[in-house]
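Residues per chain are reported as follows:
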Amino acid sequence: MSPQHSRRSPLWGRVVTGQLDLVSGDSSSSGDAPQASADDAPQASADGACAESIAIAPVRDGRTDGELASEHKSEPDPPGDTEPQSAGGSVEEADESRQSSRAAVSAWAALIAAFLAVLTFGGGILTLAFLFIAPGLSLLAPLRVSARAMVTLAVPVSLGALMLGSALSLWVGVWDPLTGTRLVQACVLATALIQLLINRRVLLPSCERLARRVQRARAPDSYGYTWWALVAGTVVVWAFALNAAVTPDVSPYGLLTAGQPLLVVALALPVLLLVLAVRRGSFVRCWVAIVLAVLTYRTAGSVVDEVPRYAWTYKHIGATDAISTYGSLIPGVDIYHDWPGFFSGTAWLSSASGIGVLSIAAWTTPVVCLLFAMSVAYLARQLGADPITQAVAGFIAVTMNWVGQDYFAPQAIAIVFAPLILALAMRARTSMAAGLGALGLFAAMTVSHQLTPVWVLIVLWALLVMKQSRIWVPLVASLIVVAQVAPRIELVESYGVFSGGDVLENATSNIGPIVTDAQALLSLLSRATALSLWLLAAIVVVLRIRRRRPWAAAAVIAFSPMGLLVMQNYGGEAILRVYLYAIIGCSVLIAGGLTTMLRRSWPLAALGTGGLVVAVAMSAQAYFGPWFAYQVTAAEVSVSEDLLNELPQEARIASAVPAWPDRTTAAYVDRERWFWAFDATGYSNELTGSDLSAPQDVATIEAGLIAADWVPIFFVVSDKMQVYSDLKGLYAPNALANLEAQLAERDGWTLVGERGDVRVWRYVSPEAEWAPAADWTLPPG
């Protein structure tokens, strides 16, 4: 054995680190195999080396000959874009071809932006599409970025500009979304026309190149027909599964155990499609698998639920409605009006388009998940991954995210911005525009969320230490954080900046006082998924260090979130946010090894597929486990709106357990000003696990409720609250029914309304008979 061969690490080591980048033998026949653009060129690694992936030629006589992957050896034009050059083709000709391709992308971006700007004068969904896409296209077109970068960045840049612009308009006291949208349309149209004028010569040739590519495209073979048939089958199976899930039996173990085997099949098919696409070497099919994963994993709630899920979603809906109603911020009411970017941006979207906030909130999850996959893939490209590995990283990020922080909340958009900020900050070494883009997104995130900018800022400084960024990027980012936090430091301190530095205490989640069997399984699978992800990422880092491969930047992104546990517990959610942030870097690290395994021989590919299936299954159950507990009914939202809008102000509202959509409209602002605890929960820690059948149990709840018995109290009970209680172990099964039976017999209590699965009880003490609310009843639904 030669000395060179003896120094090579074992095959499994090179597989896990992603150094074996073998394209399967049948990949060359794929008609949609990816070609690298100029933006796909590898960037310098954390240790100064180029993050090049290694491609291994097919095995011959038991040996492999390594060579640089074609994506990183050269920058060929996409097939069909140009005629093949002769062997004597100059570098200048190649550079001119790449510049022409980017000019064509800019021209098409400007054309689409102009088209949307003209159409959106009609309002509705077209205006929503315009605000989501056109501003980003208009800002990116002059930069002449690649097509993939344009697709990835257009929507986040649009949303970032909208969040910053709307927040600024509130701070200066000018709020007019309709007029503002017309100005944006005019600016976008003018910018687009200028870009079309500049790049007019490349539009027709780019159309001709596209036509040649379509003409040269090979007809699908039997494999292609089979693959696309599986895609169609996935959609059909998912549709039938959701149709059966509309009225399922409520299971404490979630939707996957509620007699819906078709849904399990629908969740498994995207994994199979991804594996086949990777082995085929098809970039397009990999992203089709990602879209199907978003469809099957994250679109069920948008289609099945009557209204957006999670009771705490409605605090965000109420804050958005308050901005739309008052046209200004109301500092001091809650923390949302001091970090208004997300809420002001959504209020602008709703006011300009005429689409209700509830409708926007209902479809936030699938949109955010798709954007998150694209953002992680973009970061993977910046760290040197080839296009297929980028797609695998996006797939891992989507399927491993069981946290559920992709609903209508500032955290959802912040987690989309974070990978893009880090990737653009690294590109700032060679492009000032990329650094400015990173700072723009960072500013939009900073005025929207409290925690995510802290982690991103830590990583930005770490990247600077590793010479992965320019000093002005983290420096200006720090000034942005200071400018946002300094005027609100008292508010921040009231929530607690540090929680004693106890990592174990801060890592404790708020899962409930009693751990039921369903909650225990949920916690076990959640921890197993998180530990598996961290363990695999750590193994990849160790093996990359041994092989002297780039590792530092990705490792910092993957493991730096754990440092947040030193600071505080974030209301019992710190460990959830740590895992959420860690998904970004871990997905990039693991994707290289997984992609290589899937490209190898079938035994090794089967091993990689099996590991992916197990991880996805654990994550899916962790996500769908609390499905029924987190649902909200239309009746609950309707009753909540009536209580806030119609109930006389001198009254308190309480829910049987803390699972009630309590601030659904802007009316909460006046009630908050009247009394900061107008909507406290009636749950009592002293009665945890009780069936509430004893009179003394009800007396304990009553004593807590009438601590402010100088006004009437409206006590809300719903069937969904019992489901939530069963999962969290708050009360015994049927406890709330026992409670209501006793309320009917107690003095001062009256059932004043019933709508759907919701009952409203009123308690009036002798001291509260003066209040107008003492005679108020819930109007008919």
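Everything numeric in this text was worked out from a predicted model, so none of it was measured.

1. Details of the overall build of the protein
What the protein contains, in helices and strands, is 32 helices and six strands. Counting over 781 residues, the protein shows a buried share of 58%. Long-range contacts, defined as pairs at least 24 residues apart, comprise 78% of the intrachain contacts of the protein with a sequence gap of at least 6. Accessible surface, the protein as shown: approximately 31700 Å² in total, 63% of it carbon and sulfur.

2. Some words on the side chain of Thr596
Summarising the element assignment, Thr596 is placed in helix H26 (residues 574-599). Classification of Thr596 as buried rests on a relative accessible area of 1%. At 2.9 Å, the side chain of Thr596 forms a polar contact with the backbone oxygen of Gly592.

3. Some points on the sheet that holds strand E3 (residues 652-655)
Pairing within the open sheet is mixed, and its four strands lie in the order E3-E4-E6-E5. What marks the edges here is a single partner per strand, and that holds for E3 and strand E5 (749-755). Going from strand to strand, the sheet's axes swing by 25° on average, the running direction of each strand aside. Bridge count between E5 and strand E6 (residues 758-763): six bridges; the pairing is antiparallel. Bridge assignment links Thr750 to a residue of E6, and that residue is Arg762. Sitting on the sheet, helix H31 (residues 719-728) is in contact with E3, strand E4 (713-718) and E6, with an inclination near 70° to E4.

4. Digging into the pattern of salt bridges
According to the stated counting rule, one finds twelve salt bridges in the structure shown. One connected set of salt bridges, linked through shared partners, spans Arg663, Glu672 and Asp679.

5. Focus on the packing of helix H18 (residues 410-427) against helix H19 (residues 432-446)
Helix-helix packing is described using two parameters, namely the angle between the two axes and the distance between the axes. For the pair H18 and H19, interaxial distance at closest approach is 8 Å and the crossing angle is 155°. Taken as axis vectors, H18 and H19 run roughly antiparallel relative to one another. The element H18 and its partner H19 pack so that their crossing is left-handed. Here Ala414, Phe417, Leu420, Ile421, Leu424, Ala425 and Arg427 of H18 come into contact with H19, specifically with Ala434, Gly435, Gly437, Ala438, Leu441, Phe442, Ala444 and Met445. A breakdown of the residues in the contact of H18 with H19 according to their chemical character gives twelve nonpolar, two polar and one charged.

6. Here we look at the side chain of Ser655
Looking at the element boundaries, Ser655 is found in strand E3. In contact with Ser655, not counting residues within four places along its chain, are Trp660, Ala680, Thr681, Gly682, Tyr683, Phe715, Val716 and Met721.

7. Here we look at a nonpolar patch on the surface
Residues Phe115, Leu119, Ile125 and Leu126 make up a contiguous nonpolar surface patch of roughly 380 Å² in combined accessible area. Those elements that place two or more of their residues in the nonpolar patch are helix H4 (91-119) and helix H5 (125-140).

8. Re unusual backbone geometry
Of note in the backbone geometry, Lys467 takes a positive phi value of approximately 60° without being a glycine. In this fold, Lys467 is placed in the loop between helix H20 (452-465) and helix H21 (472-485). By relative accessible area, which is 70% here, Lys467 ends up exposed. You will see that Asn734, though not glycine, has its phi angle at about 65°, which is positive. Secondary-structure assignment places Asn734 in the loop between H31 and helix H32 (735-743).

9. What about the confidence of the model for the protein?
The predicted model of the protein averages 82 in pLDDT, with 82% of residues at 70 or higher. Across residues 1-89, confidence stays below pLDDT 50; counting only partners more than four residues off in sequence or on other chains, it has 178 contacts.

10. Regarding the pairing of E3
Residues Arg652 and Ala654 point to one face of E3 and Ile653 and Ser655 to the other, with burial holding for every one of them. Pairing of E3 with E4, which is carried by four bridges, proceeds in the parallel orientation. Residue Ser655 lies in a different strand from E4, and its bridge partner there is Val716.

11. Examining the packing of aromatic side chains
Summed over all chains, the structure comprises 24 aromatic pairs. On the numbers, 6.0 Å between centres and 85° between planes, the contact of Trp534 with Tyr579 is edge-to-face. Highlighted residues: Trp534 in helix H24 (residues 517-546) and Tyr579 in helix H26, separated in sequence by 45 residues. The buried category is assigned to Trp534, whose relative accessible area is 13%. Note on Tyr579: relative accessible area 1%, which makes it buried. Taking the centre distance of 5.5 Å and the plane angle of 35° together, the rings of Phe624 and Trp627 count as tilted. A relative accessible area of 4% means that Trp627 is categorised as buried. Site record: aromatic cluster; members linked through ring pairs are Tyr310, Trp312, Tyr407, Tyr630 and Tyr724. Over the ring of Trp602 we find Arg279, and its NZ or CZ is 4.0 Å from the ring centre. Geometry around Tyr310 places Arg309 over its ring, the cationic atom sitting 6.0 Å from the centre.

12. Points about the packing of helix H10 (residues 261-280) against helix H17 (residues 387-399)
At a minimum axis separation of 11 Å, H10 and H17 run at an interaxial angle of 170°. Comparing the axis directions of H10 and H17 gives the class roughly antiparallel. Residues Pro270, Val271, Leu274 and Val278 of H10 touch H17, and the partners they reach there are Ile388, Val392 and Phe395. Classifying every residue of the contact of H10 with H17 gives seven nonpolar, no polar and no charged.

13. Notes on the environment of Arg148
By secondary structure assignment, the location of Arg148 is in helix H6 (residues 147-171). Assessed through its relative accessible area of 19%, Arg148 is described here as buried. Along the chain, Arg148 and Val105 lie 43 residues apart, while their C-alpha atoms are 9.6 Å from each other.

14. Looking at helix H8 (residues 200-216)
A rise of 1.5 Å per residue sets the reference length of H8, with its 17 residues, at 24 Å; its end C-alpha atoms lie 26 Å apart and thus fit the reference within 8%. Listed as buried for H8 are Val202, Leu203, Ser206 and Arg209. In an axial view of H8, the angular spread of the buried residues amounts to 135°, which keeps them on one side of the axis. In H8, the exposed positions angled more than 90 degrees off the buried face are occupied by Arg201, Leu204 and Gln215.

15. Some details on H20
For H20, with 14 residues, the first-to-last C-alpha span of 20 Å sits near the 20 Å given by 1.5 Å per residue. Every buried residue of H20 is listed here: Thr452, Pro453, Trp455, Val456, Leu457, Val459, Leu460, Leu463 and Leu464. Remark: Lys467 follows H20 within two positions and exhibits a positive phi of approximately 60°.

Thresholds, definitions, all that
- Residues numbered from 1 in each chain as written.
- Predicted model: local features only at pLDDT ≥ 70, side-chain atom pairs only at ≥ 80, totals over all residues.
- Heavy atoms only, no water.
- Helix = DSSP H or I, 4+ residues; strand = E, 2+ residues; numbered from the N terminus.
- Buried < 20%, exposed > 50% of the residue type's maximum accessible area, 1.4 Å probe, protein only.
- Contact = heavy atoms within 4.5 Å.
- Areas by Shrake-Rupley, 256 points an atom, 1.4 Å probe, with all protein chains shown as cover.
- Polar contact = N/O pair within 3.5 Å; in protein donor to acceptor, adjacent residues only side chain to side chain.
- Pairing = 2+ DSSP bridges.
- Axes fitted to C-alpha atoms, helices over the stretch in contact; angles between N-to-C directions.
- Salt bridge = Lys/Arg side-chain N within 4 Å of Asp/Glu carboxyl O.
- Parallel < 35°, antiparallel > 145°, perpendicular 65-115°, else oblique.
- Left-handed = near helix turned anticlockwise from the far one by under 90°.
- Nonpolar A, V, L, I, M, F, W, Y, C, P; charged D, E, K, R; others polar.
- Patch = residues over 30% accessible without salt bridge, like charges linked within 9 Å, V, L, I, M, F, W, Y side chains within 5 Å.
- pLDDT = per-residue confidence, 0-100.
- Phe/Tyr/Trp six-rings, centres within 6.5 Å; stacked < 30°, edge-to-face > 60°.
- Lys NZ or Arg CZ within 6 Å of the ring centre and 35° of its normal.
- Expected span 1.5 Å × (residues − 1).
- Arc of directions from axis to C-beta.

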